[in-house]
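A closer look at the structure
This is what each chain is made of:
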Amino acid sequence: MKALNIGGLKINLPLVQGGMGVGVSLSSLASAVANEGGVGVISPAGIGLLYKGHSKDYLENCLFGLREEIRKARAKTKGVLGVNVMVALSNYVDLVKTSIKEGVDIIFSGAGMPLNLPEFRTENCKTKLVPIVSSARAASLICKKWKANYNCVPDAIVLEGPKAGGHLGFKINQIEDKHFALENLVLELREFVDAFEKENNCKIPIIAAGGIYNSDDVAKIMKCGADAVQLGTRFVTTIECDASDAFKQAYLEAKKEDVRIINSPVGMPGRAIESSFIRDVEKGMRRPKGCPVNCIRTCDIEKAPYCIIASLTSALKGNFDRGYAFAGANVWKSKEIETVKDVCSSLVEGFNQD
């Protein structure tokens with residue numbers, strides 16, 4: 001098994017735990033993965049609702065909550081910690097700056113094009129910057145923009161395929177199209193990255209994500225040219241995951257036919273587990289009363305069928321009459337609650353296959 005090198009940061013287990021909001025991947029899960037030698041990732045999406053007792057300002061609560069979770073994780077591990085900051089978040093810049101100020105090891109950024117992410121680096125900043133993309137074309141645009149405007153390149157690239165959970169960077173008709181299968185996307189990105197590395201005398205590891213669940217999945221995608229993998233769904237059904245037991249139970253009970261593609265208020269398709277709330281939305285029985293926090297820049301409350309942050313927070317607590325759980329395409333394979341250590345150990349075989 002070859003260690004992952006992200007901008008000089010050595011990661012013994014070439015595995016990244018995907019950032020999952022609202023409240024699914026916080027300090028408990030992130031620190032547990034980091035302790036196993038992988039990259040543990042905190043998601044600040046919606047975190048302001050979990051720390052609403054700090055102040056009356058949601059956006060300020062987000063920053064406070066992010067600081068608290070980073071510090072809690074640091075107290076539990078000396079391993080590598082990351083933060084996943086979505087470009088679409090209305091307080092994107094402040095979350096990035098807070099992450100850098102707290103000295104987080106890596107910032108992962110997607111759900112939009114993080115074209116100006118390097119702009120927020122401070123003097124002596126050691127935080128690595130990793131964009132999340134869904135195509136070689138997007139990676140090419142980011143790499144060329146960063147090089148031209150900031151004289152830097154990504155420290156790694158996460159390539160997220162159409163089998164991922166949550167919001168997807170694909171059109172509806174592309175999700176089941178074999179041309180957009182993760183294996184093909186990795187091959188295309190590998191070709192671009194190899195040429196870009198040679199031209200700019202740099203090294204940019206490729207981290208493949210979306211639908212990777214077991215060691216066979218790991219072995220398959222590594223053979224396509226990935227340097228590491230990212231998993232989200234597999235870590236939800238762990239003891240250390242920050243989600244409620246009821247949320248985890250929804251994963252354990254999900255059948256293959258329960259996994260749905262839905263239209264999100266943020267303007268992107270998403271993959272989620274069927275719930276009574278989703279059915280009510282499709283019947284036109286749900287309407288938001290207003291926008292309580294303005295969490296996503298791309299969400300138009302006048303046209304949105306529901307408030308996404310409210311629905312995800314309800315699901316986090318196990319209330320699926322008022323929300324739903326995002327999940328990857330292979331969530332139906334979840335059969336038991338495991339430890340993070342058990343999950344990581346079960347995946348190692350995939351890394352060791354030639």
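Residues numbered from 1 in each chain as written. Predicted model: local features only at pLDDT ≥ 70, side-chain atom pairs only at ≥ 80, totals over all residues. Heavy atoms only, no water.

Two numbers describe how helix α3 (residues 58-76) lies on helix α4 (residues 92-101): the axes approach to 10 Å, and their chain directions differ by 30 degrees. Judged by the inter-axis angle, α3 sits roughly parallel to α4. Remark: the crossing between α3 and α4 carries right-handed chirality. From α3, Cys62, Leu63, Leu66, Arg67 and Ile70 reach across to α4, where they touch Asp94, Leu95, Thr98 and Ser99. Each residue belonging to the contact of α3 with α4 can be placed in one class, and the counts come to five nonpolar, two polar and two charged. (Axes fitted to C-alpha atoms, helices over the stretch in contact; angles between N-to-C directions. Helix = DSSP H or I, 4+ residues; strand = E, 2+ residues; numbered from the N terminus. Parallel < 35°, antiparallel > 145°, perpendicular 65-115°, else oblique. Left-handed = near helix turned anticlockwise from the far one by under 90°. Contact = heavy atoms within 4.5 Å. Nonpolar A, V, L, I, M, F, W, Y, C, P; charged D, E, K, R; others polar.)

Residue placement: Arg190 occurs in helix α6 (residues 182-200). In this view, Arg190 contacts Glu197, Lys203, Ile204, Ile206, Gly225 and Asp227; residues no more than four positions away in its chain are not counted.

This part is about the environment of Val193. Tracing the backbone through its elements, the reader meets Val193 in helix α6. Considering only alpha carbons, one finds Val193 and Ile206, 13 residues apart in sequence, at a separation of 8.4 Å. If we skip the residues at most four places from it in the chain, Val193 touches Ile157, Ile204 and Ile206.

Counting 100 residues, the largest nonpolar core has Leu15, Leu189, Phe235 and Tyr324 as its most contacted members. Each residue touching Phe235, except ones within four places of it in the same chain, is listed here: Leu15, Gln17, Leu29, Val33, Cys241, Val340, Val343 and Cys344. Residues Leu4, Ala156, Val158 and Ala228 belong to the second largest nonpolar core, which totals 17 residues. (Core = buried A, V, L, I, M, F, W, Y, C linked by side-chain atoms within 4.5 Å. Buried < 20%, exposed > 50% of the residue type's maximum accessible area, 1.4 Å probe, protein only.)

It is worth spelling out the packing of aromatic side chains at this point. Enumeration over the complete set of coordinates arrives at six aromatic pairs. Note on Phe247 and Tyr251: the rings are 5.5 Å apart at their centroids and 35 degrees apart in plane angle, and the pair reads as tilted. Highlighted residues: Phe247 and Tyr251, both in helix α9 (residues 245-253), separated by four residues, approximately one helical turn. By the burial criterion, Phe247 is buried, and Tyr251 matches it. Judged by centre distance (5.3 Å) and plane angle (75 degrees), the ring pair of Tyr324 and Phe326 falls under edge-to-face. Each member of the pair, Tyr324 as well as Phe326, is classed as buried. Its guanidinium or amino end placed over the ring of Tyr213, Arg234 lies 4.9 Å from that ring's centre, counting from NZ or CZ. (Phe/Tyr/Trp six-rings, centres within 6.5 Å; stacked < 30°, edge-to-face > 60°. Lys NZ or Arg CZ within 6 Å of the ring centre and 35° of its normal.)

Residues in a regular strand point their side chains to alternate faces of the sheet. Where burial is concerned, the two faces of strand β11 (residues 228-231) agree: the one with Ala228 and Gln230 and the one with Val229 and Leu231 are both buried. As defined by bridge partners, strand β3 (residues 15-17) adjoins β11 across three bridges and the pair is classed as parallel. Bridge pairing in β11 places Gln17 opposite Leu231. With three bridges joining them, strand β10 (residues 206-209) and β11 adopt parallel strand pairing. (Pairing = 2+ DSSP bridges.)

This next bit is on unusual backbone geometry. Following Gly21, the chain continues to Val22 via a peptide bond in cis, the omega torsion being 0 degrees. Its identity is not glycine, yet Asn124 carries a phi of approximately 65 degrees, on the positive side. Mapped onto the fold, Asn124 is located in the loop between β6 (106-109) and β7 (128-133). Its identity is not glycine, yet Asn201 carries a phi of approximately 50 degrees, on the positive side. You can see Asn201 is positioned in the loop between α6 and β10.

Right, let's talk about the pairing of strand β13 (residues 269-273) for a bit. β13 sits mainly inside the fold: five of its five residues count as buried. Taking every second residue as pointing to the same face, both faces of β13 are buried, with Pro269, Arg271 and Ile273 on one and Gly270 and Ala272 on the other. Inspection of the sheet shows strand β9 (residues 166-167) paired to β13 by two bridges, in the antiparallel sense. Note on β13: the bridge partner recorded for Gly166 is Arg271. Here strand β12 (residues 259-263) pairs with β13 via five bridges, running antiparallel. Within the sheet, the bridge partner assigned to Ile262 lies in β13 and is Gly270.

Within this model, the second largest pocket holds a volume of roughly 590 Å³. Lining the second largest pocket are 25 residues, with Lys163, Glu183, Gly210, Gly211 and Asn330 sitting closest to its centre. For the lining of the second largest pocket, the elements supplying multiple residues, two or more each, are α6, α7 (215-223) and β12. Residue composition of the lining of the second largest pocket, by class: 11 nonpolar, three polar and 11 charged. (1 Å grid on protein atoms, 1.4 Å probe; cavity = no way out; pocket = protein on both sides within 12 Å on 5 of 7 lines; lining within 4 Å. Points joined across faces, edges and corners; volume = space filled by probe spheres on them.)

This paragraph deals with the packing of helix α1 (residues 27-35) against α3. Two elements in contact, α1 and α3, have axes whose closest approach is 9 Å; the angle formed by their N-to-C orientations is 35 degrees. α1 and α3 meet at a crossing whose hand is right-handed. Across the interface between the two elements, Ser27, Ser28, Ser31 and Asn35 from α1 touch Glu69, Lys72, Ala73 and Lys76 from α3. Partitioning the contact of α1 with α3 into residue classes produces one nonpolar, four polar and three charged.

For Glu240, the location among the structural elements is in the loop between α8 (233-236) and α9. Along the chain, Glu240 and Tyr150 lie 90 residues apart, while their C-alpha atoms are 38 Å from each other. Those residues within four positions of Glu240 in sequence are excluded, and the remaining contacts are Ser28, Leu29, Ala32, Glu338, Thr339 and Val340. Here the side chain of Glu240 touches Val340 through a polar contact of 3.0 Å, landing on its backbone nitrogen. (Polar contact = N/O pair within 3.5 Å; in protein donor to acceptor, adjacent residues only side chain to side chain.)

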